[in-house]
Amino acid sequence: MGLNRVWLQTLGDGLVRADQITGIDAHQTPALTGKPARWLLDVVLAVPIGSGRREEWTVTALHRTVIQAGHDPSAAAPALARLLAQLDVINAAGIITAAPADRGGDAPKAEDGSAVAGGVRLRFAPFAEPAPGRHTGSEYL
């Protein structure tokens, strides 16, 4: 993808550049004593991460959580993939955020720059254009 100007807000790790995403995954965490299981919508990044000791080093893909939910958000994974593909075609620049969807239905709302699926609202906010008369040449940036 050529999404080097589109960023995705993660739950706790800041922004991830969209062209680094190699996968989208929804999975359930295990229930802990006194805490229910939760569902996570993650993006998988093209960055290996290692852990362990010298003799037992394990390398896996890096996952970043986009949203945590009490229900299965699996339908949001293809919606996010579709949104990324649409933004790639128009050479967009901006930030995608995820939030719990309103209870008012699961239909996409293209007119407000968002898509709703799996109880998750994915919203794209484009970066503002520079003010007229502002210097935007590379020598000024």
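Residues numbered from 1 in each chain as written. Predicted model: local features only at pLDDT ≥ 70, side-chain atom pairs only at ≥ 80, totals over all residues. Heavy atoms only, no water.

What am I meant to see in the side chain of Arg 121 here?
Looking at the element boundaries, Arg 121 is found in strand E8 (residues 120-126). Of the residues examined, Arg 121 reaches a relative accessible area of 19% and is grouped as buried. One polar contact links Arg 121 to Ser 114, side chain to side chain, over a distance of 2.8 Å. (Helix = DSSP H or I, 4+ residues; strand = E, 2+ residues; numbered from the N terminus. Buried < 20%, exposed > 50% of the residue type's maximum accessible area, 1.4 Å probe, protein only. Polar contact = N/O pair within 3.5 Å; in protein donor to acceptor, adjacent residues only side chain to side chain.)

I keep staring at the confidence of the model for the protein and nothing clicks. Help me out?
Note: predicted coordinates in regions of low pLDDT should not be interpreted at a detailed level. Per-residue confidence for the protein gives a mean pLDDT of 85; residues scoring 70 or more make up 83%. Here strand E4 (residues 39-51) stands out as the least confident element of the protein, with mean pLDDT 86; strand E1 (residues 6-9) is the most confident, with 97. (pLDDT = per-residue confidence, 0-100.)

Explain the sheet that holds E4 here, please?
Within a sheet, adjacent strands bond to each other through the backbone by hydrogen bonds, running parallel or antiparallel. Taken together, the 3 strands give an open sheet; going across it, the order is E3-E4-E5, and neighbouring strands pair in antiparallel fashion. Two strands bound the open sheet, and with one partner strand each, they are strand E3 (21-28) and strand E5 (58-69). Between one strand axis and the next, the sheet turns by 40° as a mean value, whatever way the strands run. Summarising the sheet, E4 and E5 pair through 11 bridges and their orientation is antiparallel. By the bridge assignment, Ser 51 is partnered in E5 with Thr 58. Sitting on the sheet, helix H1 (residues 76-89) touches E3 and E4, and the angle it makes with E3 is about 160°. (Pairing = 2+ DSSP bridges. Axes fitted to C-alpha atoms, helices over the stretch in contact; angles between N-to-C directions. Contact = heavy atoms within 4.5 Å.)

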